[in-house]
Amino acid sequence: MMCSLALFPPPVPSGEITLYEANNELVSGGSPDCYEKKHWEPPSLNFPRETLKPHSRPESSSKAAFLDHKDTLWMRSAGAWRDAGLSGLLDEITNSAEEVPKWLTVSSGCILALLRWMSSFHGSLFPHLTLSGEEMVAEFSQVLNWSDSAIRSFAWHPHTDKFAVALLDDSIKIYNSRSATAPTLKHRLQRNVGAMQWKPLCASALAVACHTCLLVWHVDPTSLSTRPSSGCAQVLFYPGHSPVTSIAWSPSGSLLVSASPVDTAMMVWEVAAENCVPLQRVGGGGVTNVSWSPDGSRLLAATPSALFRVWETKMWTCERWPCLKGRCQSGCWSPDGSRLLFSVQGEMVIYALTFSDMTGGPKSAVVVADLSETTFSGADGDLIVGGEVQSLSWDPTGERLAVLLKGDPESSCHPAMIAVFKTRSSPIFELLPCGFVRGEAGAEPSMIQFHPHFQHGALLTVCWSNGLISHVPFYFVSMGRPHSAGSPPLPHFTNKTEDYSTHTLYTEQIS
């Protein structure tokens, strides 16, 4: 039987928070400090939104104050070309009727009108192209309510107990368990951070997806500096490839892939050489989200349209997967790279694709979980849980799957919620109910990510709408990890109080 939210234990009542999992049950309490922690856990941090001032840059209005109006037409035209491309150049010529021949003004105006008509037509085919850069990042971010969130992105380092937090004011803070120094990264090009990822097999390199470019920070972990120079950041720029909404390092750290919803090509970067190769396919209207499988053999590339691609990275060919209702919203890989779980906008299910080197690619995606809205009754009244997925996160052991459900912002009884599944691959793949994760009263989850190497099961980091970052440990003995000392000791708690059977997707091989 397919797993559904109706099989889950009820969410904890309002006023209690989820603390940890032990003996296959989620334990709750009144505060994070009401149990004795037996193992190291990362610090819980709080970034209240009112303490973070977002940068407002009215570029068009402020630019005029610094323009030298005695500049020649050709100097102004060069600036317009640099800032806005062909349309900016034509607009400058059209508005300079006194300095150019009439025929040039008229022809520039006609070409500009044609360009705007074509842009409008293209926008009707791909409505996301009518959004501003910031609106586009918010639309395709894995963070719920990215625009209003104090925390814009979060990234665990793959090998050490270190993480980076991108904030509303465009700064990035780095926290390390082995250092009392918490460096703050700032750069004039570091705006509207959509994603971050640490480079594998490297202590210092952090890639950041920004409004107009990619930044790769090189921060010496032994440095005592709290404000590294902007000279520590490499700037990677490609014309027409912005805003950047998603990035992914290959597991070896040799390649970095970036995606932009306005660019139909993914960029595959060799960071050291600062050059890139565009990987382009017709259809989709851009690339919104990229995710490399842990074994490096495949790469998920979602688009703003109702299709996504799965690339194999030996010959760089891809399979094209059309969706039935909307775009691929989120996806995550199993630890061995053989299985992809993903969600589709407008649908309340989780799909699975299984890949095999022996049989080639899968022929269809199967539904493995039903996330239809379910009502739980409690002392505080009815609580509705379920609906569309914002993001998925699978822990490195492959035994816990966290699902961030969007909820309904217009309804107080249907909040955003985290549902956690147990995952099992043998004898068949299936999802089993674990429980719901809740935070402080009034706080909703905005982002989720598992710690990459927690030794006692799985550790889920949650960024909340009130600016809090908390960590929920799931204590269990992993089937794939040897344990010579038996089960890990548990925390000491001090005060415990639709039918989708025929629903398939089809693929066609694209060379």
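Structure: above.
Student: Explain the overall build of the protein here, please?
Tutor: Helices and strands together make up the secondary structure of the protein, namely four helices and 36 strands. Residues classed as buried in the protein amount to 51% of the 511 residues present. Summed over its atoms, the accessible surface of the protein is roughly 23700 Å², and 55% of this surface lies on carbon and sulfur atoms.

Student: It is not clear to me how the sheet that holds strand β30 (residues 417–424) should be interpreted in this structure. Could you clarify?
Tutor: Whenever strands of a sheet pair, they do so through backbone hydrogen bonds, lying parallel or antiparallel. Reading across the sheet, the four strands line up as β28-β29-β30-β31 and stay open at both edges, with antiparallel pairing between neighbours. Of all strands in the sheet, those with a lone pairing partner are β28 (389–394) and β31 (430–437), marking the two edges. Within this sheet the neighbouring strands show an average axis-to-axis angle of 25°, counted without direction. In terms of strand pairing, strand β29 (residues 400–405) meets β30 through six bridges, oriented antiparallel. Across the sheet, residue Ala402 finds its bridge partner in β30, namely Val420.

Student: Can you walk me through the pairing of β31 in this structure?
Tutor: Every regular strand shows the same layout, with side chains that alternate between the two sheet faces. Relative to β31, β30 is paired through seven bridges, and the arrangement is antiparallel. Looking at β31, one finds that Arg424 is bridged to Glu430. Linkage of β30 to β31, two consecutive antiparallel strands, is achieved through a turn of five residues.

Student: Please explain the nonpolar core as it appears in this structure.
Tutor: One recurring pattern in soluble globular proteins is that nonpolar side chains are buried together. The biggest cluster of nonpolar side chains holds 25 residues, and the ones touching the most others in it are Leu5, Leu341, Ile350, Leu401, Val403 and Phe421. Residue assignment for this core shows that the elements contributing at least two residues are β24 (349–354), β25 (366–370), β27 (381–385), β28, β29, β30 and β31. Apart from the residues within four sequence positions on either side, Leu5 is in contact with Asp370, Leu371, Ser372, Thr374, Phe376, Val385, Gly386, Leu405, Ala419, Phe421 and Phe436. Judged by nonpolar contacts, the second largest core, of 19 residues, contains Leu404, Ala416, Phe450 and Phe476.

Student: Is there a simple way to explain the pairing of strand β3 (residues 25–29) in this structure?
Tutor: Taken together, the five bridges between strand β2 (residues 17–22) and β3 define a ladder with antiparallel strand orientation. Bridging across to β3, Tyr20 finds its partner in Val27. Taking the residues that link successive antiparallel strands as the turn, the β2-β3 hairpin has two residues, and the phi of Asn23 there is positive, at about 55°.

Student: Any chance you could explain the sheet that holds strand β22 (residues 328–333) here in plain terms?
Tutor: In spatial order, the strands read β1-β25-β24-β23-β22; together these five strands make up an open sheet with mixed pairing. Whereas interior strands pair on both sides, the edge strands pair on one side only; in this sheet they are β1 (3–4) and β22. Two elements, β1 and β25, share two bridges in a ladder whose sense is parallel. Opposite Ser4, over in β25, you have Asp370 as the bridge partner.

Student: What exactly am I supposed to notice about helix α4 (residues 133–140) here?
Tutor: An α-helix turns once per 3.6 residues; consequently, residues spaced three or four apart project the same way. Those residues of α4 lying buried are Gly133, Met136, Val137 and Phe140. Along the axis of α4, the buried residues cluster in a sector spanning 100°; they form a single face.

Student: Help me out: how do you make sense of the packing of aromatic side chains in this one?
Tutor: We describe a pair of aromatic rings using the distance from one ring centre to the other and the angle between the two ring planes. Per the counting criterion, the structure on display carries 18 aromatic pairs. Considering the side-chain rings of Phe8 and Phe421, the 5.0 Å spacing of their centres and the 80° angle between planes classify their relative orientation as edge-to-face. Residue Phe8 is located in the loop between β1 and β2, and its partner Phe421 is located in strand β30; the two are separated by 413 residues in the primary sequence. Given a relative accessible area of 0%, Phe421 falls into the buried group. Both rings, one in Phe342 and one in Tyr351, keep their centres 5.2 Å apart while their planes meet at 20°; by these two values the pair is stacked. Its relative accessible area of 0% is what places Phe342 among the buried residues.

Student: Any chance you could explain the state of the cysteines here in plain terms?
Tutor: Simply put, the disulfide is a covalent bond whose two ends are the sulfur atoms of two cysteines. Considering all chains together, one arrives at zero disulfides under this definition. As a non-bridged cysteine, Cys328 has Cys323 as the owner of its nearest cysteine sulfur, 6.1 Å distant.

Student: Help me understand the environment of His414 in this model?
Tutor: Along the chain, the position of His414 falls in the loop between β29 and β30. Accessibility expressed as a relative area gives 5% for His414, which makes it buried. For the pair His414 and Gly386, spaced 28 residues apart in the sequence, the C-alpha separation amounts to 8.2 Å. Apart from residues no more than four positions distant in its own chain, His414 is found in contact with Glu373, Ile384, Val385, Gly386, Gly407 and Asp408.

Rules used in this analysis
- Note on numbering: residues in each chain are counted from 1, in written sequence order.
- A pLDDT threshold of at least 70 governs which residues receive local features in this predicted model, and a stricter bar of 80 or more applies before side-chain atom pairs are shown or counted, although totals over entire chains, interfaces and linings include all residues.
- Hydrogens are left out, water is left out, and the side-chain values use all remaining heavy atoms of the structure.
- Secondary structure elements are taken from DSSP: a helix is a run of H or I of four residues or more, a strand is a run of E of two residues or more, and numbering for both begins at the N terminus.
- Only protein chains enter the area calculation, which uses a 1.4 Å probe; residues under 20% of their type maximum are buried, those over 50% are exposed, and those in between are partly exposed.
- Residue burial considers only the protein chains on display, and all accessible areas are found by Shrake-Rupley using a 1.4 Å probe.
- DSSP bridges decide pairing: two strands pair if at least two such bridges lie between them.
- Between the N-to-C directions of two axes lies an angle of 0 to 180 degrees, each axis being a line fitted to C-alpha atoms and, for a helix, fitted only over the stretch in contact.
- We call a set of buried residues a nonpolar core when its members are Ala, Val, Leu, Ile, Met, Phe, Trp, Tyr or Cys and they connect through side-chain atoms within 4.5 Å of each other.
- Here, two residues are considered to be in contact whenever any of their heavy atoms come within 4.5 Å of each other.
- Arc, as used here, means the arc of the directions from the helix axis to the C-beta atoms.
- Only Phe, Tyr and Trp rings take part, Trp by its six-membered ring, and two of them pair if their centres are within 6.5 Å. Stacked means planes under 30 degrees apart, edge-to-face means over 60, and tilted covers everything else.
- Any pair of cysteine sulfurs within 2.5 Å is marked as a disulfide.

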